[in-house]
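This is what each chain is made of:
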Amino acid sequence: RFNVVGDHLLPLIATHRHDADIVISATALLYVLTMPPPADSPHYAELVAQQHAYKRRFVQPGVLHVFAALLLDAEAAGAARTQADVNLVELVLFLLVNLLSVPPAPADARVVDTHERFVQLLADENV
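This report concerns the structure included in the present document.

What counts and what doesn't
- Residues numbered from 1 in each chain as written.
- Predicted model: local features only at pLDDT ≥ 70, side-chain atom pairs only at ≥ 80, totals over all residues.
- Heavy atoms only, no water.
- Salt bridge = Lys/Arg side-chain N within 4 Å of Asp/Glu carboxyl O.
- Helix = DSSP H or I, 4+ residues; strand = E, 2+ residues; numbered from the N terminus.
- Buried < 20%, exposed > 50% of the residue type's maximum accessible area, 1.4 Å probe, protein only.
- Phe/Tyr/Trp six-rings, centres within 6.5 Å; stacked < 30°, edge-to-face > 60°.

A word on the pattern of salt bridges
Link 1 in the chain: Enumeration according to the criterion identifies two salt bridges in this entry.
Link 2 in the chain: When the shortest N-O distance is used, the salt bridge between Arg 17 and Asp 73 registers 2.6 Å. Taken together, the residues span a long stretch of sequence, with Arg 17 in the loop between α1 (4-15) and α2 (20-33) and Asp 73 in helix α4 (residues 63-76) at a distance of 56 residues.
Link 3 in the chain: On the accessibility criterion, Arg 17 (26% relative accessible area) is partly exposed.
Link 4 in the chain: Taking relative accessible area as the criterion, Asp 73 reaches 39% and is therefore assigned partly exposed.

Here it is, written out as structure tokens:
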């Protein structure tokens, strides 16, 4: 299996966080990958399990900090905020909503722990 999120997209965003085109493109891919799967999909359980794996990547040290910093940078731009800044803020917020909306897996304590850590990290980053 390829680990595009953990091995490529998240490091790309962290490394090039000041390159708006790269960050917006990579964040857009993350957004699409984390969209809720259709409930009637024959691969629903597998897709949800993959989303839990993505969510676990986001609770690794420093990952959410990068996205919080992107939001703060856009906010700090004030009147100089560009459409790219607005697009990035929207994408980051939609991405966070997708990650928060990953349906729970039955009787999996690891999933509950990941969700609680994710929410705590968002609070720690003042998001």
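Brief notes about the packing of aromatic side chains
Link 1 in the chain: Under the defined criterion, the tally for this structure stands at two aromatic pairs.
Link 2 in the chain: Look at Tyr 31 and Phe 94: their rings are 6.1 Å apart centre to centre, the planes differ by 45°, and that puts the pair in the tilted class. Separated by 63 residues along the polypeptide, Tyr 31 in helix α2 and Phe 94 in helix α5 (residues 83-100) bring together distant segments of the chain.
Link 3 in the chain: When the centroid spacing of 5.5 Å and the interplanar angle of 35° are considered together, the rings of Phe 58 and Phe 67 count as tilted. Here Phe 58 and Phe 67 have matching classes, each one buried.

These figures capture arrangement, not role.
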